[in-house]
Every structure is written in structure tokens, then in C-alpha cells.
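Examining the three-dimensional arrangement
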Amino acid sequence: MAAEQGTLRVKRGLAEMLKGGVIMDVTTPEQAIIAERAGAVAVMALERVPADIRAAGGVARMADPAIIAAIMEAVTIPVMAKARIGHFVEAQILEALGVDYIDESEVLTPADEAHHIDKHAFTVPFVCGARDLGEALRRIAEGAAMVRTKGEPGTGNVVEAVRHLRAVNAGIRRVVAAPEEEMPTVAKELGAPLELVLLVRREGRLPVVNFSAGGIATPADAALMMQLGADGIFVGSGVFKSKDPEARGRAIVRAVTHYRDPAVLAEVSKDLGEAMPGLEISALRPEERMQERGW
Amino acid sequence: MVATPPRVGVLDLQGAVREHLRAFERCGALTVAVKRTQDLAGVDALVIPGGESTAIGRLMQEYGFLAALAGWDRPLFGTCAGLILLARQINDSSQPRLGLMDLRVERNAFGRQRESFEADLEVPVLGEAAFRAVFIRAPYIQEAGAGVQVLARFEGKIVLARQGAFLAAAFHPELTDDLRLHRYFLSLLPWCQQLPDSPDES
């Protein structure tokens, strides 16, 4: 009865268990406990939330392992942490710490402008960002066990998250609708491996769980992404940059559970205090747009 | 005469709901995603799926499921987080739970995700062939009461148990194509023998 660790099924399986849930960015053990109490299914351990990374500028790196370890100590739910795109040594360190999922994230400054991390080489699963079907399938080919459609992090503006989830959905519809003999050309245009394109065609969906992330600030934003087909939600700055993080966190969790029930959405949206201040995407200079990192 | 297939509810607050619905549909049962306590009225059996037990427990408490299921007497199947929520005792935790089975469980008992695994289990009630079991940050049953029947162990630890028509698994039968455990659960319902064999079973 030998046990096999780090199989695709085990890696993708944890993401399956997070479906219908909310993963919250936290920077301290106290915030992690608030997130767990609010009903988060996992937390993302960070040194700074995206809004603060954006404000601070400079090179954003993996968080201090001491912060991540303290957060892992504080809660019983899974703890994720971010490594820079292509920085496989940061990922090795996160695996050694025992984090439950590694996010190879465009929120941090990329370490490699051509290659992402070879995620098959790790026992711990990875989640990666994507803006369309081709990008999602390239990340899955590299070993990502979960996908996160990108928004524009740290803006409190949901428009980019909507754009990219719709783009992934449109890509899937195209693959499903086109005749099978066109798949090699479709795969070439997507820049994705043919076997993954054929798998999407057979199943009618991505082969891994797909959460939505980036700019989600309200229960209505979260339910919008769920109705558009997300399996769950990442909330970055939206919870702990708001006036009352615990109330907002609880409201977003309930909105994700009852995302098709406008009466519940109306109820949980009441009296939350101010949301995080938002940013207009067109006000960002091109080099400030995190979503364009990753290839 | 054709028997009406049983209607199996899967608690749909968070977690691996889709996989259980699909597995029971492949077994020939009717399924209901249970979002509200009102949805319990028409179901012959209920499944509490895997997910995060703290999140599901809080939502069950808030949306009235702990109260609605307090005297539940229809068949009930908990997998992973569902097992934790069915247990009377959870080591080092005061999290909300149903507590309908006489079990004491240890959460995240095999370690974190890095230590999660799959393995072949011997499950005598499912026949001779091994059952491929996927354990994800899984719990195990540290102590089972006198009325509990142990159905499988892994490395000596109890990972599958039954108390009357309540069934609890530490692993995820919904993540593989092997439907034997779902069928076994349906066999706890009175009219299961009438179920047709599903054509797509591998």
C-alpha cells in the first residue's frame, strides 16, 4: 500500500476542494485568523497586499519566510504564498516551508522574462494567472494545477477580471464549436499544446479549477465573477484595505456561496462601510499594469 | 414496475459538489444541489462533500443546516471535510459541526498538502479489488464508538467507517472514476436494489 505524493490528481484535488470559496490575501497572523473566522477557504500569505506593492514601487519579491511561517502557525486552513514568475528558487523555499499552494504571480516583479517555473518538478501544487485560454493552457502544460484569471491587482476595479474571464470562456466556446480537424490550427493560434486543446474540447471546460482574481472589492463583484463562471474568488486588497475587513470578508464569502440569489446578495451588501478606494485602469501607465506580466 | 430512483442531495455551500453530483448521476440516482434547508425536504439521502470544514461548518450554522439536520435519520455520507463535520469530537477544535457520528477525528492528520497522497486501500465491503483513495490534507478517525463499523484502515488508521446509514470517508471517492463506494452508499437506501447498472461504468 505505497502512498504516492504530488500526483496531478492530488495537486488538482486540493483546488477542487476550494471551489465555491474565497481565498484572502493576508499580511499578519491576526489578519489570517480574521480571514478564517470570516469563512475563507485559504489565505495567501504576503508581505504587502497588491495595493501597497503598487504604492511602494520597486522590486516586489517573495515574502519573508518568517511571516509565512507565522501565518501557517495561526490557522488550520491552507496557506498559499507567492513566488516571482520564473523564480524557481523562491518556489523551492516556499515548498521547503510547507506552504500548501504556490502562486507564481504577476503581482511580484518577474524574475524571468521568457520562462515560467517548471511546476512539474515540485510536490506542492501551483496556481498561475492567465488572461485567455492560450495562456491558461500554457501554464497547465508547465504543471499549474489551478488557474486564476487575472484582473488588475490592487485597483479595486473589476473590469479587467471580467474581460479576462470572458476571454477564457470565449476561447473555450470556440474550441468546442470548431470541427475537430481544425484543432491543430486552433492550438497553434492559441500557442497551446494540441492535447490540452483536445481535452478542453472533450470536456467543454478547463482541465483544472479556475478562480477569478484582481480588483474584486465587493460582494456584488464576487457574485458577478461567479455568475460568469469562476469556480471561486481570490480577494487581494479588497478585504484588508476596506473599512471593516471582517464584515466585508464574511459578506464576500456569503455572496460566493449564494451567488445566484439576489435577495441574499442584497442582504450581505448592507452596511459594509467603505470599500477600498478604486483606481481607474486607464490612469495606470503601461508599465504599471501587472496583468501584462507572464507570457 | 419501474422503481423511482432515489434522490440524493449534495450540500452545496462550498467544496467538491460537482464531482459528487456527477458520481451519483452515473450510478443512476437523481441528484439535488442543496443550497437552502428547504432543499432537504425532497431528498432521500444527503452528502456532505469535501471542502474546508471550517468554512462549510460556519455556513451550515449561519444558514440553519446544523439545526435542520440535528435529528437527521436518512442516509448521510461525509467525505473528508464531511467526515469532520459528522464527528462528535474534533481534536483541538471548537468549530461548528453536526456531531451525528460517534467518532473522534484528527484534522490534517497526515500533514499539509505536500504530504497529501493517493494509495490503494483494501475495503472488504467493496470486494477484492483495491480502491484507489485520494487523501488531501486528510483527517482520520482516531476513535470510533461501539456502534461504529470500521470499513477500512490505512497504515492502521481508520479512514472509512459506518454507523447505521451514516457513512464517513477520510478520502475522496468523488475524485476517481471508481463508483463502488457511491454504490455502496446507495445500497444503504431501502430501494437501491432496483437501480439499473449505469452503462458508462468502467
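Residues numbered from 1 in each chain as written. Chains lettered and ligands numbered in written order. Predicted model: local features only at pLDDT ≥ 70, side-chain atom pairs only at ≥ 80, totals over all residues. Heavy atoms only, no water.

This model, assessed by the stated rule, comprises 40 salt bridges over all chains. Residues Arg112(B) and Asp100(A) are paired through a salt bridge, measuring 2.6 Å at the closest nitrogen-oxygen approach. Highlighted residues: Arg112(B) in the loop between strand E6 (101–106) and strand E7 (117–121) and Asp100(A) in the loop between helix H5 (88–97) and strand E5 (101–105), drawn from two different chains. Its salt-bridge partner being Arg148(A), residue Glu106(A) comes within 3.0 Å of it at the nearest N-O pair. Highlighted residues: Glu106(A) in the loop between E5 and strand E6 (126–130) and Arg148(A) in strand E7 (residues 146–149), separated in sequence by 42 residues. Glu106(A) sits in the buried class, given a relative accessible area of 2%. Overlapping salt bridges, with partners in common, bring together Glu4(A), Arg9(A), Glu118(B), Asp120(B) and Arg132(B) in one network. (Salt bridge = Lys/Arg side-chain N within 4 Å of Asp/Glu carboxyl O. Helix = DSSP H or I, 4+ residues; strand = E, 2+ residues; numbered from the N terminus. Buried < 20%, exposed > 50% of the residue type's maximum accessible area, 1.4 Å probe, protein only.)

Residues and elements named next belong to chain A. Around the barrel, which closes on itself, the eight strands sit in the order E2-E3-E4-E5-E6-E7-E8-E9 with parallel pairing between neighbours. Across the sheet, the axes of successive neighbouring strands diverge by a mean angle of 30°, strand direction being ignored. Bridging between E5 and E6 involves three bridges; their strand directions are parallel. Along E6, the bridge assignment pairs Ile-102 with Phe-126. (Pairing = 2+ DSSP bridges. Axes fitted to C-alpha atoms, helices over the stretch in contact; angles between N-to-C directions.)

On to empty space enclosed by the protein. Residues and elements named next belong to chain A. On inspection of all chains with the given rule, the structure shows three cavities of 30 Å³ or more. Space inside the largest cavity adds up to approximately 200 Å³. Lining the largest cavity are 24 residues, with Pro-50, Pro-153, Ala-213, Gly-214 and Gly-236 positioned closest to its centre. Those elements that provide at least two residues to the lining of the largest cavity are strand E9 (232–235) and helix H11 (237–240). When the residues that make up the lining of the largest cavity are grouped by side-chain class, the tally is nine nonpolar, nine polar and six charged. Approximately 110 Å³ is the volume attributed to the second largest cavity. (1 Å grid on protein atoms, 1.4 Å probe; cavity = no way out; pocket = protein on both sides within 12 Å on 5 of 7 lines; lining within 4 Å. Points joined across faces, edges and corners; volume = space filled by probe spheres on them. Nonpolar A, V, L, I, M, F, W, Y, C, P; charged D, E, K, R; others polar.)

The subject of this paragraph is the interface of chain B and chain A. Listed by partner, the interface residues are 42 residues for chain B and 45 residues for chain A. In total, chain B and chain A occlude about 3500 Å² of area from one another, counting both sides; carbon and sulfur atoms represent 51% of this. Applying the counting rule to chain B against chain A returns 10 salt bridges. In this structure, the salt-bridge partner of Arg18(B) is Glu16(A), at a minimum N-O distance of 3.8 Å. The tally of links between chain B and chain A comes to 25 residue pairs in polar contact (both at pLDDT 80 or more). Contributions of two or more residues to the side of chain B that touches chain A are made by helix H1 (17–26), helix H2 (53–62), E7, strand E8 (131–135) and strand E10 (149–154) of chain B. Tallied by class, residues from the side of chain B that touches chain A come to 12 nonpolar, 10 polar and 20 charged. (Contact = heavy atoms within 4.5 Å. Buried area = accessible area lost by both parts, 1.4 Å probe. Polar contact = N/O pair within 3.5 Å; in protein donor to acceptor, adjacent residues only side chain to side chain.)

Attention shifts here to the confidence of the model for chain B. Do not read the fine detail of predicted coordinates wherever pLDDT is low. Residues and elements named next belong to chain B. With 93% of its residues at a pLDDT of at least 70, chain B reaches an overall mean of 93. A low-confidence stretch, residues 198–202 stays under pLDDT 50, and its non-local contacts, those more than four residues away or across chains, total eight contacts. Prediction confidence for the complex, expressed as pTM and ipTM, is 0.95 and 0.93 respectively. (pLDDT = per-residue confidence, 0-100.)

Time to look at the nonpolar core. With 125 residues, the main nonpolar core has Met225(A), Met60(B), Phe135(B), Val159(B), Phe171(B) and Leu181(B) as its most contacted residues. Apart from residues lying up to four places away in sequence, Phe171(B) is in contact with Thr79(B), Cys80(B), Leu121(B), Phe131(B), Ala133(B), Val134(B), Phe135(B), Val159(B), Leu160(B) and Leu181(B). Core analysis: the second largest hydrophobic core is formed by 24 residues, Leu14(A), Ala15(A), Met17(A) and Phe211(A) among them. (Core = buried A, V, L, I, M, F, W, Y, C linked by side-chain atoms within 4.5 Å.)

This next bit is on unusual backbone geometry. Residues and elements named next belong to chain B. The phi angle at Arg-137 is positive, at roughly 45°, despite the residue not being glycine. Tracing the chain through its elements places Arg-137 in the loop between E8 and strand E9 (140–144). We note that Glu-155 has phi near 45°; this positive angle belongs to a residue other than glycine. Topologically, Glu-155 is positioned in the loop between E10 and strand E11 (157–163). By relative accessible area, Glu-155 is classed as exposed at 58%.

Turning our eyes to something else, we now look at the state of the cysteines. What makes a disulfide is a covalent bond joining the sulfur atoms belonging to two cysteines. Inspection of every chain in the model, using the stated rule, returns zero disulfides over all chains. Note on Cys80(B): no disulfide assigned, nearest cysteine sulfur contributed by Cys27(B) at a separation of 20 Å. (Disulfide = S-S within 2.5 Å.)

Residue and element names in this part refer to chain A. On the surface, Phe-88, Val-89 and Ile-93 cluster together to form a nonpolar patch covering roughly 240 Å² of accessible area. On the secondary structure map, Val-89 appears in helix H5. The exposure class assigned to Val-89 is partly exposed, which follows from its relative accessible area of 36%. (Patch = residues over 30% accessible without salt bridge, like charges linked within 9 Å, V, L, I, M, F, W, Y side chains within 5 Å. Areas by Shrake-Rupley, 256 points an atom, 1.4 Å probe, with all protein chains shown as cover.)

Further remarks concern the environment of Ala213(A). All names here are of chain A. Checked against the element boundaries, Ala-213 lands in the loop between strand E8 (209–212) and helix H10 (219–227). On the accessibility criterion, Ala-213 (7% relative accessible area) is buried. Distance in space between the C-alpha atoms of Ala-213 and Val-268 is 20 Å, their sequence separation being 55 residues. Sequence-distant contacts of Ala-213, that is, excluding residues within four places in its chain, are made with Arg-148, Thr-149, Lys-150, Gly-151, Ala-161 and Phe-234.

Spatial strand order, E1(A)-E7(B)-E8(B): three strands in an open sheet with antiparallel pairing. Each end of this open sheet is capped by a strand with a single partner; those strands are strand E1 (4–5) of chain A together with E8 of chain B. Strand direction decides the pairing type here: E1(A) and E7(B), joined by two bridges, are antiparallel. Within E7(B), the residue paired with Glu4(A) across the bridge is Glu118(B).

With that settled, the discussion passes to the packing of helix H2 (residues 29–38) of chain A against helix H4 (residues 65–74) of chain A. Residue and element names in this part refer to chain A. H4 packs onto H2 with a crossing angle of 35° between their chain directions and a minimal axis gap of 8 Å. Here H2 runs over H4; the crossing is right-handed. Residues Pro-29, Ala-32, Ile-33 and Glu-36 of H2 lie in contact with H4, whose contacting residues are Ala-70, Ile-71 and Ala-74. (Left-handed = near helix turned anticlockwise from the far one by under 90°.)

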